[in-house]
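Fold and geometry: a report
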Amino acid sequence: MHIANAGATITDLGTSDRMRQIAARSGDQFMLFDVTPDGNAAVSGIPIEMTLAQLKTVAAGNITDLGLVHGVEGYFVRSGSMFQVFYATPDNQRVIPGVLWDAAGKNITKAEVANIPGAIPTVEVNGSDGPQAAPAAVLPLVQNATFGTIGNNPAKHLYMLIDPQCIYSIRAFQMLRPFAEQNQIEISVIPLTILDGEDGGQSTKSAMALLSDPPDQIVGAWQSGSEGNRPSEQAQARLKQNMLIAQAIGLKATPTFVWRKADGTEGQLVGVPQNVQAFVDAIGS
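These figures come from a predicted structure and were not determined experimentally.

Time to look at the overall build of the chain. For the chain, the helix and strand inventory stands at ten helices and 16 strands. Looking at the chain as a whole, 49% of its 285 residues are labelled buried. Long-range pairs, those at least 24 residues apart, make up 63% of the contacts in the chain between residues at least 6 apart in sequence. Accessible area for the chain stands at about 13200 Å²; split by element, carbon and sulfur atoms hold 51% of it.

This part covers the pattern of salt bridges. With the rule as written, the count across this model stands at four salt bridges. The shortest N-O distance in the salt bridge between Arg 20 and Asp 12 comes to 3.2 Å. By relative accessible area, which is 39% here, Arg 20 ends up partly exposed. The partly exposed category is assigned to Asp 12, whose relative accessible area is 48%. A network of salt bridges, in which partner residues are shared, links Asp 17, Glu 49 and Arg 94.

When you line up the elements, Gly 98 lands in the loop between strand 8 (95-97) and strand 9 (99-102). For Gly 98, a relative accessible area of 11% gives the class buried. Considered as a pair, Gly 98 and Tyr 87 are eleven residues apart in the sequence and their alpha carbons are 7.4 Å apart. Each residue touching Gly 98, except ones within four places of it in the same chain, is listed here: Val 43, Ser 44, Gln 84, Val 85, Tyr 87 and Thr 109.

The N-to-C vectors of helix 5 (residues 167-181) and helix 8 (residues 215-224) enclose an angle of 115°; their axes lie 11 Å apart at closest approach. Considering how the two elements wind past one another, helix 5 and helix 8 form a crossing that is left-handed. Residues Ser 169, Ile 170, Phe 173, Gln 174 and Arg 177 of helix 5 form the contact with helix 8, whose own contacting residues are Val 219, Trp 222 and Gln 223. Residues belonging to the contact of helix 5 with helix 8 are distributed by class as follows: four nonpolar, three polar and one charged.

Under the definition given, this model contains four aromatic pairs. Both rings, one in Phe 147 and one in Tyr 159, keep their centres 5.7 Å apart while their planes meet at 75°; by these two values the pair is edge-to-face. With Phe 147 in the loop between helix 4 (139-142) and strand 12 (148-150) and Tyr 159 in strand 13 (residues 157-162), the pair connects residues that are twelve residues apart, well separated along the chain. Between Trp 259 and Phe 279, the ring centres sit 5.2 Å apart and the planes meet at 85°, which makes this aromatic pair edge-to-face.

This paragraph deals with the environment of Tyr 168. Examined against the element boundaries, Tyr 168 turns out to sit in helix 5. Judged by its relative accessible area of 19%, Tyr 168 falls in the buried class. Residues Tyr 168 and Pro 255, spaced 87 residues apart in sequence, show a C-alpha to C-alpha distance of 6.6 Å.

Here the focus is the pairing of strand 15 (residues 256-260). Extensive coverage of strand 15 is indicated by the burial of four of its five residues. Inspection of the sheet shows strand 15 paired to strand 16 (residues 266-271) by five bridges, in the antiparallel sense. Bridge pairing in strand 16 places Arg 260 opposite Glu 266. Counting the residues that bridge the hairpin from strand 15 to strand 16 gives five residues, and of these Gly 264 lies at a positive phi of roughly 95°.

So, on to helix 5. Think of an α-helix as turning once every 3.6 residues; residues three or four places apart then point the same way. With 15 residues, helix 5 extends 21 Å from end C-alpha to end C-alpha; this agrees with the ideal 21 Å at 1.5 Å per step. The largest bend along helix 5 reaches roughly 35° and is located at Met 175, with the proline Pro 178 sitting one to four residues downstream. Listed as buried for helix 5 are Ile 167, Tyr 168, Ser 169, Ile 170, Ala 172, Phe 173, Met 175, Leu 176, Phe 179 and Ala 180. Downstream of helix 5 by a residue or two, Asn 183 has a phi angle that is positive, lying close to 60°.

Below, the discussion takes up the confidence of the model for the chain. Mean pLDDT for the chain: 82, with 85% of residues reaching 70 or above. In this model residues 1-6 is a low-confidence stretch, pLDDT under 50, and it forms 19 contacts with partners more than four residues away in sequence or in other chains.

Rules of the game
Residues numbered from 1 in each chain as written. Predicted model: local features only at pLDDT ≥ 70, side-chain atom pairs only at ≥ 80, totals over all residues. Heavy atoms only, no water. Helix = DSSP H or I, 4+ residues; strand = E, 2+ residues; numbered from the N terminus. Buried < 20%, exposed > 50% of the residue type's maximum accessible area, 1.4 Å probe, protein only. Contact = heavy atoms within 4.5 Å. Areas by Shrake-Rupley, 256 points an atom, 1.4 Å probe, with all protein chains shown as cover. Salt bridge = Lys/Arg side-chain N within 4 Å of Asp/Glu carboxyl O. Axes fitted to C-alpha atoms, helices over the stretch in contact; angles between N-to-C directions. Left-handed = near helix turned anticlockwise from the far one by under 90°. Nonpolar A, V, L, I, M, F, W, Y, C, P; charged D, E, K, R; others polar. Phe/Tyr/Trp six-rings, centres within 6.5 Å; stacked < 30°, edge-to-face > 60°. Pairing = 2+ DSSP bridges. Expected span 1.5 Å × (residues − 1). Bend = angle between axes of the 7 residues up to and from the residue. pLDDT = per-residue confidence, 0-100.

And the structure:
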């Protein structure tokens, strides 16, 4: 597993429900994992005393089967605007709320969930359904960040602040990417790290890896999951600068979009666009 490659100390906790349990400790941080039957992935989480049958009963009507991956079955469960992914132990006697990682350190869960209809929350500035004016002088700040760009249309330039591990950032980019590939818009992707508390520091590792790439490779590396390269000497300073910019603009969540509107004012959107075509039309002239 990738946790060993990160220099973590691994403690074998034995086998339960036909899954090997381990603890990975690095410095003063530790995480618990349940290794999949094939040994090539692990769920970061603690099994709860609930059978798969009980979960299906409790979440009836709000549960989506994600299929079998590395010998474990995944389930997307929604409760109002919140959701959680559970993985069933091979004997179906317990479920594990958590994230599934493969042996290379790739977040499998984010890819499983990204395309689920209705799983994408959107928060617009001022609560309106349309693009709104952003706080003054946001664009000059984000323009000084380190980013990768896709598309060639300076008149319709969109800045996208993301956490590489954020499933909503991934989904939003998937929706906007065709427009960038057709040069209808130009998207500059700014890597940040805000999910370390949820993914055991993987967000920082991914952001540092992306910020070690040349600007013309950042977007491609993010979308292909190629976020495991060794950080460059400049990566930490670049990430720190991006985080200071995020703090300065009052970033609340990812993805956050910033752009220049046709009337010259700034626009901002937090979340995933509800109407992608209308959103693209509102960018620039």
